[in-house]
Amino acid sequence: MAINVHHDTEQGCLTLHLGERFDFSIHRAFHDACLGEVSPARSYVLDLEQVTGMDSSALGMLMLLREHAGGDRAEIRIVNAGADLRNTLRIAGFDKLFTVH
């Protein structure tokens, strides 16, 4: 499983459950799942529970999602990230751009 998508149209929330890899190999699937929409969702949740590592392209995909979702007005939550992933996001300063749990 690369990405499992759930779109709650009532709440306007798009949830992405990512598989083990968050890297360039899922770029197309990530784009199609959340950036390919005509209009952005009101909020996004990225569930990283199964992710064991990410590369710089994952950080780029997060920035593209943030821009698509409205920049500073974007409501994007990153949930279930392991300690190593949270540390990577913190070092990159992404804890200031996204809500990370």
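This section reports on the structure supplied with the text.

Thresholds applied
Residues numbered from 1 in each chain as written. Predicted model: local features only at pLDDT ≥ 70, side-chain atom pairs only at ≥ 80, totals over all residues. Heavy atoms only, no water. Disulfide = S-S within 2.5 Å. Buried < 20%, exposed > 50% of the residue type's maximum accessible area, 1.4 Å probe, protein only. Pairing = 2+ DSSP bridges. Helix = DSSP H or I, 4+ residues; strand = E, 2+ residues; numbered from the N terminus. Contact = heavy atoms within 4.5 Å. Salt bridge = Lys/Arg side-chain N within 4 Å of Asp/Glu carboxyl O. Axes fitted to C-alpha atoms, helices over the stretch in contact; angles between N-to-C directions. Phe/Tyr/Trp six-rings, centres within 6.5 Å; stacked < 30°, edge-to-face > 60°.

**Some points on the state of the cysteines**
Point 1. Across all of its chains, the model carries zero disulfides by this definition.
Point 2. No disulfide involves C13; its nearest neighbouring cysteine sulfur is the one of C34, lying 12 Å away.
Point 3. C13 gets classed as buried once you look at its relative accessible area, which sits at 13%.

**Focus on the pairing of strand β1 (residues 3-8)**
Point 1. Pairing of β1 with strand β2 (residues 13-18) involves six bridges; the strand directions are antiparallel. By the bridge assignment for β2, H6 is matched with T15.
Point 2. If you look at the hairpin formed by β1 and β2, you'll find four residues sitting between the two strands, and G12 has a positive phi there, around 70 degrees.

**What about the environment of N80?**
Point 1. Assignment of secondary structure puts N80 in the loop between β6 (76-79) and α3 (83-91).
Point 2. Placed 31 residues apart in sequence, N80 and E49 show a C-alpha to C-alpha distance of 4.7 Å.
Point 3. Excluding its chain neighbours within four sequence positions, the residues that come into contact with N80 are D47, L48, E49 and H101.

**Overview of the pattern of salt bridges**
Point 1. Scanning the entire structure with this criterion turns up four salt bridges.
Point 2. Taking the shortest distance from any N to any O, the salt bridge between D32 and R28 comes out at 3.8 Å. Of this pair, D32 and R28 both sit in helix α1 (residues 27-35), four residues apart, which is roughly one turn of that helix.
Point 3. Under the relative-accessibility criterion, D32 is labelled partly exposed at 47%.

**Things to note about the sheet that holds β2**
Point 1. Spatial strand order, β1-β2-β4-β6-β7: five strands in an open sheet with mixed pairing. Each edge of the open sheet carries a strand with a single partner, namely β1 and β7 (99-100).
Point 2. The strands touched by α1 are β1, β2 and β4 (43-47); relative to β2, the strand with the most contacts, the crossing angle is about 165 degrees.

**Concerning the packing of aromatic side chains**
Point 1. Going through the model one piece at a time under the given rule, you end up with two aromatic pairs.
Point 2. A centroid spacing of 5.9 Å and a plane angle of 35 degrees characterise the contact between F22 and F30, whose relative ring orientation is tilted. For the pair F22 and F30, one class covers both residues: buried.
Point 3. Plain terms: the ring middles of F94 and F98 are 5.6 Å apart, the flat faces sit at 20 degrees to each other, and that makes the pair stacked.
Point 4. Exposure remark for F98: the relative accessible area of 4% places this residue in the buried category.

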